[in-house]
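So the chains spell out like this:
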Amino acid sequence: AGTLENQHQNITNMLEVLSGKTVIVKGKANEKGHMYKEIHADEIVSAIREQLNILLPVEKVKFEGHYKEIGEFEISAHLSGEQIKFIVKIEATQ
């Protein structure tokens, strides 16, 4: 049972660290701020891992709609029955 408790505590800690944070994802965009390709969950998860050192399973990241422009968007993550929200800031690469 200790292992499950540890896993749950690790998940809770990850969610607390991620909650309310802003994660930056970069991609190519035109001069009007439209992305050449849509941002996907795997790119968001990679940014979370690189910027916050959190290993979040890609299937746990939920978002509505399509992210194809520069800006800030609220995203949800669901783990072990808990849900948190964080911000994904999409920026253009130079």
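Provided above is the structure to which this section pertains.
Here is a short report on the structure shown in this document.

The rules behind these values
- Residues numbered from 1 in each chain as written.
- Predicted model: local features only at pLDDT ≥ 70, side-chain atom pairs only at ≥ 80, totals over all residues.
- Heavy atoms only, no water.
- Helix = DSSP H or I, 4+ residues; strand = E, 2+ residues; numbered from the N terminus.
- Buried < 20%, exposed > 50% of the residue type's maximum accessible area, 1.4 Å probe, protein only.
- Contact = heavy atoms within 4.5 Å.
- Areas by Shrake-Rupley, 256 points an atom, 1.4 Å probe, with all protein chains shown as cover.
- Lys, Arg positive; Asp, Glu negative; His and termini not counted.
- Charge placed at Lys NZ, Arg CZ, Asp CG, Glu CD.

Some points on the overall build of the protein
Working step 1: Across its full length, the protein holds two helices and six strands.
Working step 2: Starting at the N terminus and walking to the C terminus, you meet the elements of the protein as α-β-β-α-β-β-β-β.
Working step 3: Oriented by its inertia axes, the alpha-carbon framework of the protein measures out at about 55 × 25 × 20 Å.
Working step 4: In the protein, which comprises 94 residues, the share counted as buried stands at 32%.
Working step 5: Here the analysis covers contacts within the protein between residues at least 6 apart in sequence; of these, 50% occur between residues at least 24 apart.
Working step 6: When the accessible surface of the protein is split by element, carbon and sulfur atoms take 48% of a total near 6,100 Å².
Working step 7: Side-chain charges of the protein comprise 11 positive and 14 negative groups, with the mean position of each set lying 5 Å from the other.

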